[in-house]
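What follows is the residue order along each chain.
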Amino acid sequence: MASLILSPAEQDYITQGVERGLRADGRGGLDRREVTLRTNMISQANGSARCRTGYLGVGTDVLVGIKAEVNSWTAGEPEDRGAVVCSVECSPSAAQEFEGYGAEELNVELTQLLDRILGGPQSGLDLGKLCIIPKQAYWVLHVDALVLDVKGSIVDTLVWAARAALLATRLPRVVVESIADEDGNMQSEFDVVDDAEDQVALEGAENLPLAVTFSQIGKRYVVDASEQEEAVTQARVTVAVSPQMDICAIQKSATARGFAPSLLTEILHSARAIAREEHARFKRVFEAASSDGAAGEPSTGSTFLGTF
Amino acid sequence: ALSSASAASGTAFYEQGKIRISCAVYGPRQGRRSNARAGSFDCDFRYAPFACSWKRRSHVRGADEKEISLILEHAVAPAIRLEAYPKACIDAFVTVIESDGKAATIAAAINCISAALADAGIEMYDSVAACSMGLAGARWVADCAQPEEDAALCSMLIAYMPGADEITYILQHGKTTPEQTDQAVQTCTDMCARVYAVICRYLQSSLE
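As annotated in an unreviewed UniProt entry, chain B carries the name 3'-5'-exoribonuclease and is attributed to Coemansia nantahalensis.

**What about the overall build of chain B?**
Counting secondary structure elements, chain B contains 4 helices and 8 strands. Counting from the amino terminus, helix and strand elements in chain B follow one another as β-β-β-α-β-α-β-β-α-β-β-α. Here the C-alpha atoms of chain B give a radius of gyration of 17 Å, agreeing with the 17 Å that 2.2 N^0.38 yields for 208 residues. Dimensions of chain B, computed from the C-alpha atoms along their principal axes, are close to 50 × 40 × 40 Å. For chain B, the proportion of its 208 residues judged to be buried stands at 54%. Pairs at least 24 residues apart make up 69% of the contacts formed inside chain B by residues separated by at least 6 positions. For chain B, the exposed surface amounts to about 9,100 Å²; the carbon and sulfur share of it is 51%. One finds the centroid of the 19 positive side-chain charges in chain B at a distance of 7 Å from the centroid of its 24 negative side-chain charges.

**Re empty space enclosed by the protein**
All names here are of chain A. By the definition in use, this model includes 4 cavities of 30 Å³ or more. When its volume is computed, the largest cavity comes out at roughly 90 Å³. Taken together, R32, V35, T53, D156, T157, W160, A211, V212, V223, D224, E278 and R281 make up the full set of residues lining the largest cavity. Residue assignment for the lining of the largest cavity shows that the elements contributing at least two residues are α3 (154–168), β11 (210–217) and α5 (261–290). Of the residues forming the lining of the largest cavity, the biggest block, 3 residues, is contributed by α3. Split into classes, the residues belonging to the lining of the largest cavity amount to 5 nonpolar, 2 polar and 5 charged.

Scoring rules and cut-offs
For every chain, the first residue of the written sequence is number 1, and numbering continues from 1 onward in sequence order. To label them, take the chains in the order written and letter them from A, then take the ligands in the order written and number them from 1. This being a predicted model, a pLDDT of at least 70 is required before a residue's local features are given, and a value of 80 or more before pairs of side-chain atoms are given or counted; all residues contribute to the totals for chains, interfaces and linings. Heavy atoms throughout the structure, all of them, feed into the side-chain values; hydrogens and water do not. Each helix is a run of H or I in the DSSP string that is no shorter than four residues. Each strand is a run of E no shorter than two, and both are numbered from the N terminus. The size measure is the radius of gyration over C-alpha atoms, and the globule rule it meets is 2.2 Å times the number of residues to the 0.38 power. Relative accessibility under 20% of the residue-type maximum defines a buried residue, over 50% an exposed one, and the middle range a partly exposed one, all with a 1.4 Å probe and only protein chains included. The contact criterion used throughout is that any non-hydrogen atoms of two residues lie within 4.5 Å. Only the protein chains shown count as cover for residues, with accessible areas throughout obtained via the Shrake-Rupley method and a probe of 1.4 Å. We treat Lys and Arg as the positive residues and Asp and Glu as the negative residues; His and chain ends play no part in the count. A charged residue contributes its charge at one atom only: NZ of Lys, CZ of Arg, CG of Asp or CD of Glu. Of the two site types, the cavity is a set of points on a 1 Å grid over the protein atoms alone where a 1.4 Å probe fits but cannot get out, and the pocket is an open set with protein on both sides within 12 Å along at least five of seven lines, each lined by residues with an atom within 4 Å of a point. Grid points are joined across faces, edges and corners, and a volume is the space filled by probe spheres set on the points. Residues are grouped as follows: nonpolar covers Ala, Val, Leu, Ile, Met, Phe, Trp, Tyr, Cys and Pro; charged covers Asp, Glu, Lys and Arg; every other residue, Gly included, is treated as polar.

Structure representation (structure tokens):
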């Protein structure tokens, strides 16, 4: 992940602070920062969400847009399911090292991680409902994420924004007709209803997981690392937990060291407790964002950037 | 040298069932950043075009190969004494000649790199041994082949340093209950210790 260059004294300060249970911004080891969420600001997308983790309007900022396309089935693909394709890009304006090809490795890492969490049955989405006509046509949901600002803990914010965007996604309704052709065979045709009022939500979107990232600093670990804490992190593990408390994905990153097996087991236990709180918090924040009068409000440039 | 590529500092060729992987380690050699206080470890992972059963792969590195390169770096770098190689870089080039199950191939690649690093004489805290498992119904099955992996509900990959008692990498793909995950971590770690014994025995015998 993008990291600051810290002097050895600063690194020591953060490490020793965390080992004594003190974090630079006063949080406890398992406390997360404030989250601001806004949904459906992109009128051209089927669903969208922008999530920021941080204080005072500054923090890790991720924008996710969902676009649904109808794909024709080709041999070799599953016959009765739709698909979810993820793509994450770190905006070059977010950090200096993201210029040019600097963010390429990070983009690949985040894309594959998001794909691992959302791209199959483990995401909780009902992919069968995304099939329009078996062996003929299906919906593909393109989950495109843009990381606008990086202040530590990209993955957690990324998954929050993706989950919010998918929950806010509305697909046009599809009408399927079966007609008999000259030979008496049944041919199916579908028609996409072009009515903005007649749209369906994604089935199973409430089962989507949230990610919790644990960063090991010295002998203790913290959740939702800030930029400075990330620079001192020796090992990091991301655990994705569904609302039913199932573990949907685990991935370790950072290269300085590994985890002792007992510490890893403790982290997996903590992950469930924290995920329970996070899911409750998500519900509150999402409902507030959706009822924010955004339905009647035109999404102009100033609402997009200003009051956020 | 345990394999070909005589210009390399260390090489290894690893076979596990149908999986065949070759790794060459170059280094320590001049790093790209001259002000680095510790060495850097880079890994380049590639499938040979004929390696996978499902289709021919192009010579251009795909996104999944780039991700696996990062996975290998995250799994093996904790074992290397990088602070002993300031301003230097250690490069590992992994080529999969034949693959059988994605998680099993990544585990085999980690084992192969460990052997090649030891062959190159790079200072390490311990060798990294890796193992993969798949969830078939309610039971965890070790080292799944491709058809078993396609049918499995979940796959788990763990890389472990038995001497230092540290899990250097964990990757779960698929949904499980927390108890199933705990069970998998336990079993996989034990299996890694057994794989480690095999690697060590082979390295010792190659010196004789």
